[in-house]
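Okay, here's what each chain looks like letter by letter:
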Amino acid sequence: MLWKERFKGCPPIGTIYFDRSSKGKKGRHHTWRAEITVGRLRIRRRFQTYAECESFLIGTVEENEGAYWPESSLLSLRKSLYE
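Residues numbered from 1 in each chain as written. Predicted model: local features only at pLDDT ≥ 70, side-chain atom pairs only at ≥ 80, totals over all residues. Heavy atoms only, no water.

Asks: Explain the sheet that holds strand β1 (residues 15–19) to me, and be specific about the residues and the numbers.
Replies: On the basis of which strands lie adjacent, the open sheet formed by three strands has the order β1-β2-β3 and antiparallel pairing. Here the strands that pair on one side only, and so sit at the sheet edges, are β1 and β3 (41–47). On average, each strand axis in the sheet is tilted by 25° relative to the strand beside it, whichever way the strands run. Bridge count for strand β2 (residues 31–38) against β3 is seven bridges, and the pairing is antiparallel. Note on β3: the bridge partner recorded for A34 is R45. (Pairing = 2+ DSSP bridges. Helix = DSSP H or I, 4+ residues; strand = E, 2+ residues; numbered from the N terminus. Axes fitted to C-alpha atoms, helices over the stretch in contact; angles between N-to-C directions.)

Spelled out as C-alpha cells, the structure:
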C-alpha cells in the first residue's frame, strides 16, 4: 500500500517521493525521501527503501502526538496500520 493510499478521503500526513535531484556536477541522488511538517518545522530525510520512509513517518507521527494533524488523517493512518 502506498503512503497516500493510507489516507482515504482526508489530507495525508507527510509525503514520500523518489529523489533524483542533482548537487551540481557531482551527480544525482537516487534515493527515497520522506517529508513531514511538525508545527512549523519541515523534516526531510533520505532513505534507501520506501519501507524505511514509511517507518520514519509513522515514528514521527507517534513521537509528536501533540502536533496538529487532522483527526480524520490520524484515524485513517491508524486504521491502515491494522489492516
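Asks: Hey, could you go over the pattern of salt bridges for me, with residue numbers and the actual values?
Replies: Evaluation of the coordinates by the stated rule reveals four salt bridges. In this structure, the salt-bridge partner of R42 is E35, at a minimum N-O distance of 3.9 Å. Judged by its relative accessible area of 49%, R42 is partly exposed. One salt-bridge network, held together by shared partners, links D19, R33 and R46. (Salt bridge = Lys/Arg side-chain N within 4 Å of Asp/Glu carboxyl O. Buried < 20%, exposed > 50% of the residue type's maximum accessible area, 1.4 Å probe, protein only.)

Asks: Describe the pairing of β2, listing the residues and the values that go with them.
Replies: Counting buried positions along β2 gives six out of eight residues, so the element sits mostly inside the fold. Relative to β2, β1 runs antiparallel, the two sharing five bridges. Looking across to β2, one finds that Y17 is bridged to R33. In this structure, the hairpin formed by β2 and β3 is closed by a connection of two residues, where G39 is found at a positive phi of approximately 65°.

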